[in-house]
Amino acid sequence: MIEKKSCCFVCFFMPERKIMSTVITRFPPSPTGYLHVGGARTALFNWLYARHTQGRFILRIEDTDAARSSQASIDAIFEALEWLGIDWDEGPYFQTQRLEIYREYIGRLLEAGQAYYCTCTPETLAEKRKQALAAGRPVGYDGTCRERCLPPSSDAVVRFKTPAAGTTALMDVVRGRIVFDNAEIGDFVIQRSDGIPTYNFAVVIDDLTMGVNTIIRGDDHVSNTPKQILIYQALGASLPTYGHVPMVLGQDRTRLSKRHGAMSVTAYRDMGYLPEALINYLVRLGWSHGDQEFFSVAELIEKFDLENLGKSAGVFDPEKLLALNFEHIQACDVADLAQRVRPFMVKEGYDVDAGPDLQKIVATLNRRSKTLADMARDAYFYFQETIAYDPAAAKKFLRPVVLDALRMLLGELQQLADFSEPGLEAAFKTVMDATGFKLGKIAQPVRVALTGKTASPGIFEIMDVLGPGRVLPRLARAIAFIENRAAAAGQK
RNA sequence: GGUCCCAUCGUCUAGUGGCCUAGGACGUCGGCCUCUCACGCCGAAAACACGGGUUCGAGUCCCGUUGGGACCA
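Bringing the overall build of chain A into the picture now. Looking only at helices and strands, one finds 22 helices and 12 strands in chain A. What you see for chain A is a C-alpha radius of gyration of 32 Å, clearly larger than the 23 Å of a compact globule of 492 residues, by over 25%. Taking the principal axes of its C-alpha atoms as reference, chain A extends roughly 105 × 55 × 40 Å. For chain A, the residues scored as buried account for 47% of the 492 residues in total.

Take a look at the structure:
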């Protein structure tokens, strides 16, 4: 029978959240590169659960692999977490600063006879492994040094004394009960000969000493878990609640890596995604709340639980993320969006303060932008001094047939008192009535005059935002352009 | 190779034995709206991996097969 522990228990029986034992979760990245979306999702699950239960969230940097760890990676991880808005209540702790603590616990295990020194050489071990493989026996350590009571030495590792028989069971909130044979586990190394603890040992000691009682992590850790449970038990400690969530896969259904395109969290920031959109997407990949697709961060904190975590791996779909980003952009008010899009406009090279009102610009673009970068790019015509005509657009719409209409429109606009949408519309109406042209016939040439292209926000909107100071000269220039064109044609 | 896990539309998912003629979302396709492009709206195609059980009844439970994945090597 699958037993599931979850926050629903807490929420159901203790709606006021007067919880006896505070939930303590953690995120323990290795600083061996940027924070990628898969790691961010794990961080999110832990952070959300801590916030949901009003518990605590700890950040711990697992930097014992000196060769692969770097300060640059640590900084990159902080940067990504900060952008996502993931804050921590404790830490960051660094494993390299906790070596004494690990040694102390190694000592305890040694004293209690639950661990021992082993001096088997890698060569012998490899040879024995080969033989075991050939004989079809488990490839774990054969126990040569187990009862030898060896003293510490520079070439000795410390092994954990795993019970030779029996089983170790993991009660997982997402997968139920998973049982492992102790014989398969064998006596594993908990401290290398250089005195550095192995991953499985350090993790347990850290979680134990930090009071972590809820561990949500990728299911690539499932096979490590029985070893960790054995250590908890040897230390007489109570087990944390485990929840192993499935991996995030690339489009080709293999594990996420660089070749799947942009995978770092900050890359999405730089492409103009909203952190709340990435969060929404990542959390929904592997967790659900009925049919709901859109969640604000506050809503996620309110609704996130362990009960509804899925157990099959999910493919990262950039298209869906993009669609969600669009929705989150729609959910932002223009003042907020204006602030957020500003750096992207600066990156485009616009002199933002010299342009029209930023909020008014944003109001014309937000309904049609999937990213902040799109919005900044599409705002070009608000900032360019002289509009470059797209050749095809100019050829099709800046033609002599509309010359009179444009001249008349320019005249109307020059004496227009109310340069706002209703006023502009009235001016167009006058020209339409006089020429018999439909709106489209006039609007397209004007659009090209104003933006250089055939696609843009509504013509009255952009004229309103641009204002007479920009509209009139651009119109005049388009008229001149057509006149020149007509003259050139006439000479042929 | 050993151990463990997973399996519903192309993708993310709803579904916890009858409410399933399998629902939603992204994407795709068609239409409407329209000053362009978008938005929006309407509609369509699209899935329970396979085979055995259990049961009055199975997407839902059990076993096997196949396929994928993780870890250890």
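Here the narrative resumes.
All right, on to the packing of aromatic side chains then. Any pair of aromatic rings gets described here by the distance separating the centres and the angle formed by the planes. Following the criterion strictly, the structure yields 13 aromatic pairs and no others. Taking 5.4 Å as the distance between ring centres and 40 degrees as the angle between the ring planes, the aromatic pair formed by Trp 287 and Phe 304 counts as tilted. Taken together, the positions of Trp 287 in the loop between helix H10 (275–284) and helix H11 (297–303) and Phe 304 in the loop between H11 and strand S12 (314–315) put the pair 17 residues apart, joining distant regions of the chain. By the ring-pair criterion, three or more aromatic residues cluster together here, those being Phe 45, Trp 287, Phe 295 and Phe 304. In this structure, Arg 159 packs its charged tip against the face of Tyr 141, placed 3.7 Å from the ring centre. When the ring centre of Phe 437 is taken as origin, the NZ or CZ atom of Lys 441, which lies over that ring, is 5.6 Å away.

This paragraph deals with the environment of Ala 373. With respect to the helices, strands and loops of the structure, Ala 373 is situated in helix H15 (residues 372–378). For Ala 373, a relative accessible area of 22% gives the class partly exposed. In this structure Ala 373 touches Met 271, Gly 272 and Phe 344, once residues within four positions along its chain are discounted.

With that settled, consider the side chain of His 244. Within the secondary structure, His 244 sits in strand S10 (residues 241–245). Given a relative accessible area of 0%, His 244 falls into the buried group. A distance of 3.3 Å separates the side chain of His 244 from the side chain of Thr 225, its partner in a polar contact. Not counting the four nearest positions on each side in its chain, His 244 is found in contact with Leu 170, Asp 172, Val 174, Arg 175, Arg 217, Gly 218, Asp 219, His 221, Val 222 and Thr 225.

Turning next to the pairing of S10. Each regular strand displays side chains that alternate between the two surfaces of the sheet. Summarising burial for S10: 4 of the 5 residues are buried, a large majority. Relative to S10, strand S9 (residues 214–218) runs parallel, the two being bridged by 5 bridges. Within S10, the residue paired with Thr 214 across the bridge is Thr 241.

This part is about the pattern of salt bridges. If the charged atoms of two oppositely charged side chains come close together, the side chains can form a pair. Here the structure, examined in full by the defined rule, presents 28 salt bridges. In this structure, Arg 340 engages Glu 276 in a salt bridge whose closest nitrogen and oxygen atoms are separated by 2.8 Å. Here Arg 340 is found in helix H13 (residues 334–348), whereas its partner Glu 276 is found in helix H10, with 64 residues between them in sequence. Here the salt bridges do not stand alone but share partners, grouping Arg 26, Arg 60, Glu 62, Arg 98, Asp 206 and Asp 207 into one network.

As a further point, take the nonpolar core. Judged by nonpolar contacts, the single largest core of 59 residues is most densely connected at Met 345, Tyr 382, Leu 413, Val 446, Ile 459 and Met 463. If sequence neighbours within four positions are ignored, Val 446 has contacts with Leu 406, Leu 409, Phe 428, Ile 459, Met 463 and Leu 475. Formed by 49 residues, the second largest nonpolar core is a distinct cluster that contains Ala 40, Ala 43, Tyr 49 and Tyr 268.

Let us now look at helix H21 (residues 459–466). Each α-helix turn comprises 3.6 residues. Residues three or four places apart therefore point the same way. Most of H21 sits out of view: 7 of its 8 residues are buried. Looking one or two residues past H21, Gly 467 carries a phi angle of roughly 80 degrees, positive in sign.

Glancing now at the layout of surface pockets. Computed from the structure, the largest pocket encloses a volume of approximately 1,200 Å³. Sorting the residues of the lining of the largest pocket by element identifies strand S1 (24–27), helix H2 (37–52), helix H7 (199–210) and S9 as the ones contributing at least two each. Ranked by residue count, the leading element in the lining of the largest pocket is H2, at 5 residues. The class makeup of the residues in the lining of the largest pocket is 16 nonpolar, 14 polar and 10 charged. In this structure, the second largest pocket encloses a volume near 590 Å³.

Backbone geometry at Gln 54 places phi at a positive 60 degrees, although glycine is not the residue there. Note on placement: Gln 54 falls in the loop between H2 and strand S2 (56–61). Positive phi outside glycine occurs at Cys 149, with the angle close to 50 degrees. Structurally, Cys 149 is set in the loop between helix H5 (122–135) and strand S5 (157–160). Residue Cys 149 is classed as exposed on the basis of its relative accessible area of 69%.

On to the sheet that holds S1. Taken together, the 3 strands give an open sheet; going across it, the order is S1-S2-S3, and neighbouring strands pair in parallel fashion. With one partner strand each, in any of the chains shown, S1 and strand S3 (90–94) form the two edges of the open sheet. Taking the axes of each pair of neighbouring strands and ignoring which way they run, one obtains an average angle of 25 degrees across the sheet. As paired strands, S2 and S3 are joined by 3 bridges and run parallel to one another. Note on S3: the bridge partner recorded for Arg 60 is Tyr 93. Packing against the sheet, H2 makes contact with S1 and S2, and its axis sits at approximately 160 degrees to S1. Lying over the sheet, helix H3 (residues 71–84) contacts S1, S2 and S3, oriented at roughly 155 degrees with respect to S2.

Analysis parameters
Residues numbered from 1 in each chain as written. Chains lettered and ligands numbered in written order. Predicted model: local features only at pLDDT ≥ 70, side-chain atom pairs only at ≥ 80, totals over all residues. Heavy atoms only, no water. Helix = DSSP H or I, 4+ residues; strand = E, 2+ residues; numbered from the N terminus. Rg over C-alpha atoms; globule rule 2.2 N^0.38 Å. Buried < 20%, exposed > 50% of the residue type's maximum accessible area, 1.4 Å probe, protein only. Phe/Tyr/Trp six-rings, centres within 6.5 Å; stacked < 30°, edge-to-face > 60°. Lys NZ or Arg CZ within 6 Å of the ring centre and 35° of its normal. Contact = heavy atoms within 4.5 Å. Polar contact = N/O pair within 3.5 Å; in protein donor to acceptor, adjacent residues only side chain to side chain. Pairing = 2+ DSSP bridges. Salt bridge = Lys/Arg side-chain N within 4 Å of Asp/Glu carboxyl O. Core = buried A, V, L, I, M, F, W, Y, C linked by side-chain atoms within 4.5 Å. 1 Å grid on protein atoms, 1.4 Å probe; cavity = no way out; pocket = protein on both sides within 12 Å on 5 of 7 lines; lining within 4 Å. Points joined across faces, edges and corners; volume = space filled by probe spheres on them. Nonpolar A, V, L, I, M, F, W, Y, C, P; charged D, E, K, R; others polar. Axes fitted to C-alpha atoms, helices over the stretch in contact; angles between N-to-C directions.

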